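Survey of secondary and tertiary structure
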Amino acid sequence: MVGGGPAGSAVAIRLARGGHAVTLIEKRPTPRHKACGDALTPRAVDELDQLGVDPVELGGHRTIGVRLRYNDRRQHVRWPEHPRFPNTGAALRRPVLDEHLRDLARRSGAQVLMGHEATAPVAERGLVRGARTVTEEGATRDVLARFVVVADGANSRFGRALGTTRDRNWPYGIAARTYFASPLASQPWIESVLRPRDADGRRISGFGWVTPVGDGTVNVGTAMLSTYRDVRSVNALKWLDHFAQQSAERWQFDASQQLKSPTRFRVPLGSSVGPKMGPTFLVVGDAAGAANPFNGDGVDAALLTARLASDVLDDALTSGTAASLQQYPTLLADELGRYHHVGRLSARFLGSPTIAGMVLSGAMRSPDAMAGVLRIGANELRRERTGGAERVYALAAAASRLAPSW
Ligand SMILES: Cc1cc2nc3c(=O)[nH]c(=O)nc-3n(C[C@H](O)[C@H](O)[C@H](O)COP(=O)(O)OP(=O)(O)OC[C@H]3O[C@@H](n4cnc5c(N)ncnc54)[C@H](O)[C@@H]3O)c2cc1C
């Protein structure tokens, strides 16, 4: 596994538990602070549960839903009821989650090489058979394997060396975050402010969040879509700064006392990176552009893609045939294909300030409509039952068939 974030570690845990020899390569020598909103959706909590991990036991904080704000309206929307997923999410600092998952991989029998950066694929007769690594001290080492999992995150240099590319016609997210000390850090609601203004008073098509992380701090961030009409004119860090000032009184923090310098990142969304496999490698998590195109959440998708990849790798290693790897793109398409397509299409429309304003003004008047918005945004649609959210989604899915390349 190249990359020791949630995606790479989850594959390592699953395969090591299956009795396979696994090596995980992580370039950072020590646990790092991955820029993240620290919010774990119910789907992420469910995936973690399947690995035997409870974020609350790790010092995390249970969330019961999202407090949505738009203009002067406010709605508390609980995480949806779903036959499969829990109706609670969690908030947990990423270094804690990432280190715990790597440690679990180690305890499950995987070899974890911290401080080893994969610099290039090792090829043998045209097939990828491992990674060349270098340590901070400059020592190089080739790590050889029958199969390689590309889990090196959003920039995915290793993936690019194997020929993956991001489809530039599809949307990506631009997100930034920082932390503040707050006495409200144990609140059970995540706050999401829709289309928050920048310092010039412009409404930006995106959202700002405050995640109470439960350790005396709140994670404050902003995210917008590349489809936003005026995206190039927005300074993401200044927008975050202004958003923090606007949120400070409500959350009782001092906006001049950031605990972490804000950083700005691109998040590839909605299956925008491919191919997802080669004859001897699979691509998972952000490296595959798996994050949710509705809100940029990607930990649940990282864990889901890891689960699917582990299943086909287990099959390939057990049966001795690499042909099993070919099932991976189909499994991914079955799980996420339609949802990502609808999300990419929606992102195009929601990038228009007029359309986004109309949709939100209407939806914020109705608790049921906003519950539907959260159900769709959290990818908690029910196959077995048809409520309002499923009906709206079905219409959008039908429309998406008319725009197959969007
Ligand atoms: C500001 C921001 C806020 C976000 N908020 C949320 C949120 O609240 N909830 C949510 O679910 N998602 C959120 N996301 C998305 C989420 O962080 C990612 O989708 C998730 O981290 C993907 O996990 P991953 O394992 O695929 O990649 P990563 O977590 O990026 O892990 C990749 C790992 O690979 C390592 N690596 C990279 N290159 C190499 C190399 N060459 N050799 C060895 N190791 C390498 C990196 O050091 C890293 O540890 C947010 C993203 C951003 C930018």
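Coordinates for the structure precede this section.
Residue positions are given per chain, counted from 1 along the sequence in the order it is written. A pLDDT threshold of at least 70 governs which residues receive local features in this predicted model, and a stricter bar of 80 or more applies before side-chain atom pairs are shown or counted, although totals over entire chains, interfaces and linings include all residues.

1. Side note on the overall build of the chain
The helix and strand inventory of the chain stands at 10 helices and 20 strands. We compute the radius of gyration from the C-alpha atoms alone; for a globule the expected value is 2.2 Å times N to the 0.38, where N is the number of residues. The C-alpha atoms of the chain give 21 Å as radius of gyration, which agrees with the globular expectation for 406 residues (22 Å, within 12%). Counting only C-alpha atoms and orienting by the principal axes, one finds that the chain spans roughly 60 × 50 × 40 Å. Counting other C-beta atoms within 10 Å of its own, a residue is labelled buried from 20 upward, exposed at 12 or fewer, and partly exposed in the gap between, with every C-beta atom placed from the backbone. Scored against the burial criterion, the 406 residues of the chain give a buried share of 52%. Long-range contacts, defined here as pairs at least 24 residues apart, represent 71% of the contacts in the chain between residues at least 6 apart. Secondary structure elements follow DSSP: runs of H or I no shorter than four residues count as helices, runs of E no shorter than two count as strands, and numbering proceeds from the N terminus. A pair of residues counts as a contact when their C-beta atoms, built from backbone coordinates, are within 7 Å of each other.

2. Topic: the sheet that holds strand β8 (residues 116-124)
By this definition, two strands are paired if DSSP reports at least two bridges between them. Taking strand neighbours across the sheet as the criterion, the three strands line up as β8-β9-β10 in an open arrangement whose pairing is antiparallel. The two strands at the open ends of the sheet, each matched to only one other strand, are β8 and β10 (140-144). With strand direction ignored, the average angle separating the axes of adjacent strands in the sheet is 30 degrees. The pairing of β8 with strand β9 (residues 127-135) spans seven bridges and is classified as antiparallel. For helices, the axis comes from a line fit to the C-alpha atoms of the stretch in contact; other axes are also lines fit to C-alpha atoms, and the angle between any two N-to-C directions lies between 0 and 180 degrees.

3. Examining the sheet that holds strand β17 (residues 263-268)
With mixed pairing, seven strands are arranged side by side in an open sheet as β5-β4-β14-β15-β16-β13-β17. The open sheet terminates on both sides in strands that have one partner only, identified here as β5 (73-78) and β17. On average, adjacent strands in this sheet sit at an angle of 20 degrees to one another, irrespective of strand direction. Across six bridges, strand β4 (residues 65-70) lies against β5 in antiparallel orientation. Among the inter-strand pairings, Arg 67 is bridged to a residue of β5, identified as His 76.

4. Here we look at the site of the ligand
In the region of the ligand, 42 residues are neighbours, and Gly 5, Gly 37, Gly 153, Gly 285 and Gly 298 sit closest. Elements that contribute at least two residues to the shell around the ligand include exactly α1 (6-17), β1 (23-26), β8, α4 (157-161), β13 (172-181), β17 and α6 (299-319). Here the residues of the shell around the ligand sort into 20 nonpolar, 10 polar and 12 charged. Per the annotation, domain bounds derive from an automatic or database assignment of domains. Each of domain 1 (6-63 + 88-168 + 271-335) and domain 2 (172-267) gives at least three residues to the shell around the ligand. Whether a residue is near a molecule or strand depends on its C-beta atom, generated from backbone atoms, being within 6 Å of that molecule or strand. Nonpolar residues are Ala, Val, Leu, Ile, Met, Phe, Trp, Tyr, Cys and Pro. Charged residues are Asp, Glu, Lys and Arg, and all others, Gly as well, are polar.

5. Digging into the nonpolar core
Across soluble globular proteins, nonpolar side chains show a tendency to be buried alongside one another. Ranked by size, the top nonpolar core spans 117 residues in total, and within it Val 11, Val 149, Val 150 and Val 284 carry the most contacts. If you tally residues by element for this core, the top one is α6, at 11 residues. Beyond its immediate sequence surroundings of up to four residues, Val 284 is in contact with Ala 7, Val 11, Val 149, Val 150, Ala 151, Ala 302, Thr 305, Ala 306 and Ala 309. Residues of type Ala, Val, Leu, Ile, Met, Phe, Trp, Tyr and Cys that are buried and joined through C-beta atoms within 7 Å form what is called a nonpolar core.

6. A closer look at the environment of Val 53
Relative to the elements of secondary structure, Val 53 occurs in the loop between α2 (42-50) and β3 (61-63). The class of Val 53 is buried, set by 20 C-beta atoms lying within 10 Å. Each C-alpha atom, one on Val 53 and one on Leu 97, is 9.3 Å from the other, the two residues being 44 residues apart in sequence. Val 53 has contacts with Leu 48, His 100 and Leu 104, leaving out every residue within four places of it along the chain.

7. Notes on the packing of α1 against helix α3 (residues 94-107)
Between two packed helices, both the angle of their axes relative to each other and the distance between the axes serve to describe the pair. At their nearest, the axes of α1 and α3 sit 8 Å apart, and the two run at 25 degrees to each other. For the element pair α1 / α3, the angle class is roughly parallel. Our pair here, α1 against α3, has a crossing hand that is left-handed. In contact with Pro 6, Ser 9, Ala 10, Ala 12, Ile 13 and Ala 16 of α1, α3 contributes Leu 97, Asp 98, Leu 101, Arg 102, Leu 104 and Ala 105. Partitioned by chemical class, the residues of the contact of α1 with α3 number nine nonpolar, one polar and two charged. Each angle is binned into one of four classes, with values under 35 degrees roughly parallel, values over 145 roughly antiparallel, values of 65 to 115 roughly perpendicular, and all other values oblique. Take the far helix as your reference; a near helix turned counterclockwise from it by less than a right angle gives a left-handed crossing, and one turned clockwise gives a right-handed crossing.

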